[in-house]
Amino acid sequence: MSDDSHLNSAVNAAATTNIHHANLQDLPLSAARRLYKGGIRPGEPTRSRVQAQEMLEKIPPSQRAGVDGKSAVSNAEQYLSDKHASHIKPHSKGGSNNPNNIKWENAKDNITRGDKIMSWQEQMRLNAKLQFDNLAGAVKAGLQAAPLGAAVGAVTAAPFSLLTNALHVVRGEISAQEATTATLKDTVMGGAVGGATAFATTAVVAACPPIAIALTTVAPALAVVGAAGMVYEFFKILDDHKQDVRVYYESLTQLELANLQAIEDELIYEHQKNLEFLSEAEAINQEISNRPIAPGIEGAMQRLRESVAIAQSLGLTSADSKLLPNSQLPCLPPHF
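Computed from a predicted model, the values in this text were never measured in an experiment.

**What about the packing of helix H1 (residues 3–15) against helix H6 (residues 120–170)?**
Part 1 of the reasoning: Put simply, H1 and H6 touch, their axes get as near as 8 Å, and they point 140° apart. Judged by the angle between their axes, H1 and H6 are oblique. In terms of crossing hand, the pair formed by H1 and H6 is right-handed. Contacts between H1 and H6 involve Asn8, Ser9, Asn12 and Ala13 on the former and, on the latter, Gly149, Val152, Gly153, Thr156 and Ala157.

**Observations regarding the pairing of strand E3 (residues 83–87)**
Part 1 of the reasoning: The buried count for E3 comes to four of five residues, which makes it a mostly enclosed element.
Part 2 of the reasoning: One ladder, built from five bridges, connects E3 with strand E4 (residues 102–106); its direction is antiparallel. Counterpart to lysine 83 in the pairing with E4 is asparagine 106.

**Some words on a nonpolar patch on the surface**
Part 1 of the reasoning: Where nonpolar side chains cluster on the molecular surface, the patch consists of Val231, Phe234, Phe235 and Leu238 and spans about 360 Å² of accessible area.
Part 2 of the reasoning: Take valine 231: it is sitting in helix H8 (residues 209–289).
Part 3 of the reasoning: A residue is classified by how much of its surface remains accessible, and valine 231, at 46% relative accessible area, is partly exposed.

**Re the pattern of salt bridges**
Part 1 of the reasoning: Under the criterion given, the structure shown has six salt bridges.
Part 2 of the reasoning: Linking arginine 125 and glutamate 105 is a salt bridge whose minimum nitrogen-to-oxygen distance equals 3.5 Å. Note that arginine 125 is positioned in helix H6 and glutamate 105 in strand E4, a separation of 20 residues in sequence.
Part 3 of the reasoning: A relative accessible area of 38% means that arginine 125 is categorised as partly exposed.
Part 4 of the reasoning: Among the ionic pairs, aspartate 109 bridges to arginine 125, the shortest N-O distance being 4.0 Å. Of this pair, aspartate 109 sits in helix H5 (residues 107–113) while arginine 125 sits in helix H6, placing them 16 residues apart in sequence.
Part 5 of the reasoning: Salt bridges here are not isolated pairs; linked through shared partners, they connect Glu105, Asp109, Arg113, Glu122 and Arg125.

**Overview of helix H3 (residues 49–57)**
Part 1 of the reasoning: Along H3, the residues that are buried comprise Ala52, Met55 and Leu56. For H3, the buried positions fall inside an angular range of 100° around the axis, keeping them on one side.
Part 2 of the reasoning: Turning to H3, the residues buried within the fold contact helix H2 (29–37), E3 and E4.

**Regarding the packing of aromatic side chains**
Part 1 of the reasoning: For the structure on display, the rule yields zero aromatic pairs.
Part 2 of the reasoning: The ring of tyrosine 79 has lysine 83 sitting right over it, with the charged end atom 4.1 Å from the ring centre.

**Things to note about the environment of glutamate 173**
Part 1 of the reasoning: Structurally, glutamate 173 can be placed in the loop between H6 and helix H7 (176–207).
Part 2 of the reasoning: Of note is the side chain of glutamate 173, whose polar atom sits 2.5 Å from the side chain of histidine 168.

Cut-offs applied
Residues numbered from 1 in each chain as written. Predicted model: local features only at pLDDT ≥ 70, side-chain atom pairs only at ≥ 80, totals over all residues. Heavy atoms only, no water. Axes fitted to C-alpha atoms, helices over the stretch in contact; angles between N-to-C directions. Helix = DSSP H or I, 4+ residues; strand = E, 2+ residues; numbered from the N terminus. Parallel < 35°, antiparallel > 145°, perpendicular 65-115°, else oblique. Left-handed = near helix turned anticlockwise from the far one by under 90°. Contact = heavy atoms within 4.5 Å. Buried < 20%, exposed > 50% of the residue type's maximum accessible area, 1.4 Å probe, protein only. Pairing = 2+ DSSP bridges. Patch = residues over 30% accessible without salt bridge, like charges linked within 9 Å, V, L, I, M, F, W, Y side chains within 5 Å. Areas by Shrake-Rupley, 256 points an atom, 1.4 Å probe, with all protein chains shown as cover. Salt bridge = Lys/Arg side-chain N within 4 Å of Asp/Glu carboxyl O. Arc of directions from axis to C-beta. Phe/Tyr/Trp six-rings, centres within 6.5 Å; stacked < 30°, edge-to-face > 60°. Lys NZ or Arg CZ within 6 Å of the ring centre and 35° of its normal. Polar contact = N/O pair within 3.5 Å; in protein donor to acceptor, adjacent residues only side chain to side chain.

Laid out in structure tokens, this is it:
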């Protein structure tokens, strides 16, 4: 799987990330009432809209986040279901209902404290609990987004891997079975990249509303970048195929030229051997033709012995002439 495919899977997965943080106007009346009146004694004035918004923002960001307004509100209501608006400095000791004096706390702990001032250790514990709840909510949101991101990443990677490996098969570089295995592997890898990107992106934007706003703003641009990246990858695959085919045929041409040169060299070698043989045969022919001819039978036998020696030097045997070794020479009369 190429770096381009990794990038496209990640960008497309990020572009599909959609996180909405609950706003005051999204809340139903029952939930909004807790923000306006939570921790306020009967007969006291309720909080202003600005203060109610501050009370909402005291909920960990990821615990009031969702894929849309409805799910975000549901998550916020679920978080507040077992919480009290606890006063750091209680009413009995002059504490106000201002959000600066309020922390969302488990109802049981608030009741147990009674009218005591919240110690700094308790405040630190609640602050740590808020951070933990924010992290837990972010992880939960990321896990919920991961399957969709994995699907987007796999769908992004699969067609390009299929095209790439099909071209490898066409060029004879791999078998069809190897191409299928490679395509499956790339698809799984694309899904893993998409899932990991969706998880990380969603977790971060769920825990940090400003980043969520920024991502929402750039999401259309990310979608355009993802589409452009896929188009680029498609034409790059085709261009790489064209280059590979050109190199392949150039290598074939060089191989054919080398084979032709080898054949030509062999023919020249054989021709030289033939020329040398003919030259040697011509010399032997001249030697045979120019021998002095002695008179009588003794002269004839001498020429025969010389001819046999010449024939043997040329590699001839009795299969070529009965006068050669393994054949008996004519016997001379006793008086010779």
